[in-house]
Amino acid sequence: MIGERAFARERSEVARACRVLAMEGLVTDILGHVSLRVTEQLLLVRARGPADQGLLLSTGDDVVLVDTDGAPAEDLAGHALPQELPIHLAVLRRRPDMAAVVHAHPPDVVLCSIGGLALEPVFGAFSIPAMRMAERGVPVYRYYGLVRDRRRGEEMADVLGDGPAVVLQGHGLTATGPSLAGAVVTALNLNRLAAVTLALASAGRRAPLVPPEDRAELPDLGEGFNDHAVWRAYLAKLAHSGLAVPGPPAG
Ligand SMILES: [Zn+2]
């Protein structure tokens, strides 16, 4: 058993990720969770305490340590693990290159999935990472239920494959990244892509795809810009909105 205040800085980071997702509307009230691998055998995950105030007000105290089989690695102090913890375990098991997982229920992503709206590369420099995601194709896990056992987790991870995100039909999304920033920004990008797709469909328009020659000229601005600079901007927005996580400062 590891002391419950181990990884205090990382717990606060997971709480910040939850707050950013809530602030941006990808999660509402109490549904959704974020995990972060902290050692080969251990991960942190947002759990739910008896007086939980929802994702927007997450703190490091809401984040608990479990092992890669999902067993508590500390006293959970009354916190319940997410029913869908197998989402995080399956992705982190399958993807040793990834450090973090986001599971959220963004309404626009859900609407696209139930409306059969394909997420296509219809914009360019507006968001290059989101365009690349669409260009690659975002897979859909065609199961409407909770992913709460190992079999469902593995099924979803199979559909995710080696990509950055998977849509869960009528449910939400799972995103992963080599850092917490990467996983959160991937989720935000997928949500942006879904919002544009949905707005076009609502307007009764089918947009042309970005021409291949234009796509080829769009630069890869790198992880430092695409993920970490964007993450810092959202942390600043949290703080400016009075939503900074109490405790250790952002690392
Ligand atoms: Zn869910």
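Residues numbered from 1 in each chain as written. Predicted model: local features only at pLDDT ≥ 70, side-chain atom pairs only at ≥ 80, totals over all residues. Heavy atoms only, no water.

Q: Outline the coordination of the zinc ion, supporting the account with residue identities and numerical values.
A: On the protein side, the zinc ion has Glu-84 (OE), His-103 (NE2), His-105 (NE2) and His-171 (NE2) as donor atoms, found 2.1 Å from it. If you look at the zinc ion, its 4 donor atoms make angles of 89 to 152 degrees with each other, and the shape they trace is irregular. One chain supplies every donor to the zinc ion, and in sequence these donors are spaced E-x18-H-x1-H-x65-H. You can see Glu-84 sitting in the loop between strand S3 (63-67) and helix H2 (85-94) and its partner His-105 sitting in the loop between strand S4 (100-104) and helix H3 (107-115), a full 21 residues away along the chain. Given the relative accessible area of 4%, Glu-84 is considered buried. (Donors = N, O, S within 2.8 Å, 3.2 Å for Na, K, Ca; no water. Tetrahedral: all angles 85-135°; square planar, octahedral: opposite > 155°, others 65-115°. Helix = DSSP H or I, 4+ residues; strand = E, 2+ residues; numbered from the N terminus. Buried < 20%, exposed > 50% of the residue type's maximum accessible area, 1.4 Å probe, protein only.)

Q: Before we move on, could you go through the sheet that holds strand S1 (residues 33-37) and cite the residues and values that matter?
A: Strand order in this open sheet of 7 strands is S3-S2-S1-S4-S7-S6-S5, and the pairing throughout is mixed. In this open sheet, the two edge strands, each paired with only one partner strand, are S3 and strand S5 (140-141). In terms of strand pairing, S1 meets strand S2 (residues 42-46) through 3 bridges, oriented antiparallel. Bridge assignment links Leu-36 to a residue of S2, and that residue is Leu-44. Contacting S1, S4, strand S6 (165-168) and strand S7 (172-177), helix H6 (residues 180-202) crosses the sheet at an angle of about 145 degrees to S7. (Pairing = 2+ DSSP bridges. Contact = heavy atoms within 4.5 Å. Axes fitted to C-alpha atoms, helices over the stretch in contact; angles between N-to-C directions.)

Q: So what's going on with the pattern of salt bridges? Residues and values would help.
A: Considering all chains together, one arrives at 16 salt bridges under this definition. In this structure, Arg-132 engages Glu-135 in a salt bridge whose closest nitrogen and oxygen atoms are separated by 2.9 Å. You can see Arg-132 and its partner Glu-135 sitting in helix H4 (residues 128-136), 3 residues apart, about one turn around the helix. Here Glu-154 makes a salt bridge to Arg-150, at a shortest N to O gap of 3.8 Å. Of this pair, Glu-154 and Arg-150 both sit in helix H5 (residues 150-160), 4 residues apart, roughly one helical turn. Overall, the relative accessible area of 25% leaves Glu-154 in the partly exposed class. (Salt bridge = Lys/Arg side-chain N within 4 Å of Asp/Glu carboxyl O.)

Q: Which residues make up unusual backbone geometry, and what values go with them?
A: It is generally the case that most residues other than glycine have a negative phi and that most peptide bonds are trans. Positive phi, normally seen in glycine, also occurs at Asp-29, with a value near 40 degrees. Position of Asp-29 among the secondary structure elements: in the loop between helix H1 (8-23) and S1. Since its relative accessible area comes to 52%, Asp-29 is described here as exposed. Located in the positive-phi region is Ala-77, a residue other than glycine, with phi close to 50 degrees. Mapped onto the secondary structure, Ala-77 falls in the loop between S3 and H2.

Q: Explain the packing of aromatic side chains to me, and be specific about the residues and the numbers.
A: For the structure on display, the rule yields 2 aromatic pairs. Here the aromatic rings of Phe-123 and Phe-126 are separated by 5.0 Å at their centres, their planes lie at 85 degrees, and the arrangement is edge-to-face. The exposure class of Phe-123 is buried, given its relative accessible area of 9%. Among the residues examined, Phe-126 registers a relative accessible area of 52% and is labelled exposed. With a centroid separation of 5.8 Å and 50 degrees between ring planes, the pair formed by Tyr-141 and Tyr-143 is classed as tilted. The exposure class of Tyr-141 is buried, given its relative accessible area of 5%. (Phe/Tyr/Trp six-rings, centres within 6.5 Å; stacked < 30°, edge-to-face > 60°.)

Q: An account of the side chain of His-171 is needed here, citing residue identities and associated values.
A: As for its placement among the helices and strands, His-171 is situated in the loop between S6 and S7. Within the structure, His-171 has its side chain in polar contact with the backbone oxygen of Gly-145 (distance 3.4 Å). For His-171, the residues in contact, after removing those within four places along its chain, are Glu-84, His-103, Ala-104, His-105, Val-110, Gly-145 and Leu-146. (Polar contact = N/O pair within 3.5 Å; in protein donor to acceptor, adjacent residues only side chain to side chain.)

Q: Let's hear about H3: which residues, and what values?
A: Residues Val-109, Val-110, Cys-112 and Ser-113 constitute the buried set of H3. Here the buried residues of H3 occupy an arc of 160 degrees about the axis, which is enough to place them on one side. Tucked into the core, H3 has its buried residues touching S6, S7 and H6. At the C-terminal side of H3, Gly-116 shows a positive phi close to 65 degrees. (Arc of directions from axis to C-beta.)

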